[in-house]
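Overview (structure and organization)
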Amino acid sequence: MKVLHVLIVEDDPMVMEIHRRCIDQVKGYRVVGTAGTGERALELLQTLPVDLLILDIFMPGIGGIDTLRTLRERGISLDVIVVSAANDVTTVHEVMRGGAFDYIVKPFRFERMHEALSSYLAMREKLKREEEAYRQEEIDSIYRVKGMRPSSGGDLPKGLSSATLEHLLELLQRKEAPLTAEEIAREAGIARVTARRYLEYLVSMGKVSLRREYQDVGRPKNLYRFE
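Figured I'd write up the structure that's included with this text. (Residues numbered from 1 in each chain as written. Predicted model: local features only at pLDDT ≥ 70, side-chain atom pairs only at ≥ 80, totals over all residues. Heavy atoms only, no water.)

**Observations regarding helix H8 (residues 181–188)**
All of the buried residues along H8 are Ala181, Ile184, Ala185 and Ala188. Projection of H8 onto a plane perpendicular to its axis shows the buried side chains occupying an angular sector of 100 degrees, all on one side. In this structure, the buried residues of H8 make contact with helix H5 (110–126), helix H7 (162–173), helix H9 (192–204) and strand S7 (221–226). Phi turns positive one or two residues past the end of H8, at Gly189, with a value near 75 degrees. (Buried < 20%, exposed > 50% of the residue type's maximum accessible area, 1.4 Å probe, protein only. Helix = DSSP H or I, 4+ residues; strand = E, 2+ residues; numbered from the N terminus. Arc of directions from axis to C-beta. Contact = heavy atoms within 4.5 Å.)

**Quick notes on the sheet that holds strand S4 (residues 79–84)**
The strand order S2-S1-S3-S4-S5 describes an open sheet built from five strands, whose pairing is parallel. Every other strand in the sheet has two partners, leaving strand S2 (29–35) and strand S5 (102–105) as the edge strands with one partner each. Strand-to-strand, the axes of this sheet are offset by a mean angle of 20 degrees, without reference to chain direction. Judged from the six bridges that link them, strand S1 (residues 4–9) and S2 form a sheet pairing that is parallel. Residue pairing for S2: His5 is matched across the bridge by Arg30. (Pairing = 2+ DSSP bridges. Axes fitted to C-alpha atoms, helices over the stretch in contact; angles between N-to-C directions.)

**A short note on the packing of H5 against H7**
Two elements in contact, H5 and H7, have axes whose closest approach is 8 Å; the angle formed by their N-to-C orientations is 50 degrees. Between H5 and H7, the angle is such that the two are oblique. Here the hand of the crossing between H5 and H7 comes out left-handed. Where H5 abuts H7, its residues Glu115, Ser118, Ser119, Ala122, Glu125 and Lys126 lie against Ala163, Thr164, Glu166, His167 and Glu170. (Parallel < 35°, antiparallel > 145°, perpendicular 65-115°, else oblique. Left-handed = near helix turned anticlockwise from the far one by under 90°.)

Next comes the structure, spelled out in C-alpha cells:
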C-alpha cells in the first residue's frame, strides 16, 4: 500500500505537534512537511509530493479559506482536511464549497482525527481501479466511506462511526484467516474495547461471523471473519 504524504499547515507549534503525533499513529501516512502560514504551505507544495493537507483556518497572512481557494484556482491536485476552532456557518460552508474532505473542530479527540484519516485512506483505496466508469453502487460505496451516509442503510448505534466501520470491514475483507479483536484493534490503530464494540455490531448485522476457538487452558478465543 502506498504511503500517503501529509503536509500540516498550523500556526500553533503545540497543536502542530499534536497533529503530527495523531498522524504518526495511523498506518499508511507520513508527515513530509509543516508550515505555519498559508504562504509557506503554497511554497512547499511546489516542491513537496503531498497527497493530503491538514489545514487550519485562522493563521497570519493567508488564512485557511484563501489557501484552499488558491489551491483550487491553481488546479493543485490534493485533498484537504480542515482542523480549526472556527465553527460558524459561513466558514463551514466556504470549506465545503472548497471541496475539503472533512472538517474537524478544535479541540478534538484523537479518535475523531483517526476516523477522518481512516475514512480518507479507505476512499483512496476504493478509487483505485482500471475501468473507465463507476457503477452506481460503487459511487454509493465511495460516498459512504466519505461519511456522507451511514453504511448500514440506517442510523448507527450511538458512539459508532461509519468511517471506522468501513475501515474495519475493509481490513477484514483483506484477511484470509480470521482475527481476534486484539489483532484487529492493533491493525486498525484503535483501542481493543472500541474494536469489540464495532465487531459486536457487525456480527449482529450479519456482516462478520464469530467463531469461538476453545483452548486447553484459559478462556476461549473469539475469532472474527468477514462474511
